[in-house]
Amino acid sequence: INILVLGTFVSNTAVSYYDLATKLTAMLQMPFNIFNQVYYPKASKEKNIKAILQVVLKAIIISLAVYVCGVLLGKYVVIYYAGENMLPAFEVFVVFSLILPINTLSHNFGNCVLIAFDKIREFNYTVYFPALIYAVLMLILMYFELVTIMNVTILFVFYVFLIGLLRSYFVLKVARKL
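Just so you know, these numbers come straight off a predicted model, no measurement behind them.

All right, on to the overall build of the protein then. On a plain count of helices and strands, the protein comes out with seven helices and zero strands. Listing the helices and strands of the protein from first to last along the sequence gives α-α-α-α-α-α-α. Taken along its principal axes, the extent of the C-alpha atoms in the protein is 55 × 35 × 20 Å. With 178 residues in all, the protein has 44% of them scored as buried. Of all intrachain contacts in the protein linking residues separated by at least 6 positions in sequence, the fraction that spans at least 24 positions is 80%. Accessible surface, the protein: about 10,100 Å² in total, of which carbon and sulfur atoms supply 69%.

So this is what it looks like as structure tokens:
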């Protein structure tokens, strides 16, 4: 949706900057997504919330380090692979890649706790409610002609943050009951 909105309301250049930023972030996110898929069976079988929280904390610390490295090296990666004319994508990447630690927490809490502990209703709520908020805020941006590459990026990071916040809340509820 973001690329469609940017292409419609901003420019194709904005789409290319946003697309590059998302691809660089996806590259950095990949090991954490794979880890989540590998760790899920163990977390689901053992249902040890303290162990899961320790693993997630370590993964978040690593993802923060990856974010810092991405910010420090990202400009050079953009120049090397995409050229200096794509350098404005770096600013978008710095903001967009904030989703690295948030997604690390969110994916692990969603799969390794909420799904593993049969909290399907809560998991679904963390998907649908933020999506509704995101859609309303995007419509507001469009209505008031406030669509910019940075506003769309910030809105997406907020959307991911809201998912992480809600999942953290529900995980705390699960942990208190154990």
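Next comes the rest of the account.
It is worth spelling out unusual backbone geometry at this point. Phi angles above zero are rare outside glycine, and D118 is one such case at about 60°. Note on placement: D118 falls in the loop between helix 5 (99-115) and helix 6 (120-143). Looking at D118, the relative accessible area reads 62%, which means it is exposed. The backbone of E145 sits at a positive phi, close to 55°, despite the residue not being glycine. Looking at the secondary structure, you find E145 in the loop between helix 6 and helix 7 (149-177). A relative accessible area of 71% means that E145 is categorised as exposed.

Let's shift gears to the pattern of salt bridges. Summed over all chains, the structure comprises one salt bridge. Of the charged contacts, one joins K23 and D19 as a salt bridge, the two residues approaching to 2.7 Å between their closest N and O atoms. Here K23 pairs with D19, and both are found in helix 2 (residues 12-46), just four residues apart, close to one helical turn.

Within the largest apolar cluster, 33 residues are counted, with the highest numbers of intra-cluster contacts made by L6, Y18, M138, I149, V152 and F156. For this core, the elements supplying multiple residues, two or more each, are helix 1 (2-9), helix 2, helix 3 (49-82), helix 4 (88-96), helix 5, helix 6 and helix 7. If we ignore the near neighbours within four places in the chain, the residues touching M138 are N2, V5, V152 and L155.

Inspection of helix 1 places N2, V5 and L6 among the buried residues, and these make up the whole buried set. Along the axis of helix 1, the buried residues cluster in a sector spanning 95°; they form a single face. Away from the buried face of helix 1 by more than 90 degrees, exposed residues L4 and T8 are located.

Counting through the fold element by element, S97 comes out in the loop between helix 4 and helix 5. Within polar-contact distance, the side chain of S97 engages the backbone oxygen of V94 at 3.5 Å. Apart from residues lying up to four places away in sequence, S97 is in contact with T25 and Y67.

So, how was this worked out
- Residues numbered from 1 in each chain as written.
- Predicted model: local features only at pLDDT ≥ 70, side-chain atom pairs only at ≥ 80, totals over all residues.
- Heavy atoms only, no water.
- Helix = DSSP H or I, 4+ residues; strand = E, 2+ residues; numbered from the N terminus.
- Buried < 20%, exposed > 50% of the residue type's maximum accessible area, 1.4 Å probe, protein only.
- Contact = heavy atoms within 4.5 Å.
- Areas by Shrake-Rupley, 256 points an atom, 1.4 Å probe, with all protein chains shown as cover.
- Salt bridge = Lys/Arg side-chain N within 4 Å of Asp/Glu carboxyl O.
- Core = buried A, V, L, I, M, F, W, Y, C linked by side-chain atoms within 4.5 Å.
- Arc of directions from axis to C-beta.
- Polar contact = N/O pair within 3.5 Å; in protein donor to acceptor, adjacent residues only side chain to side chain.

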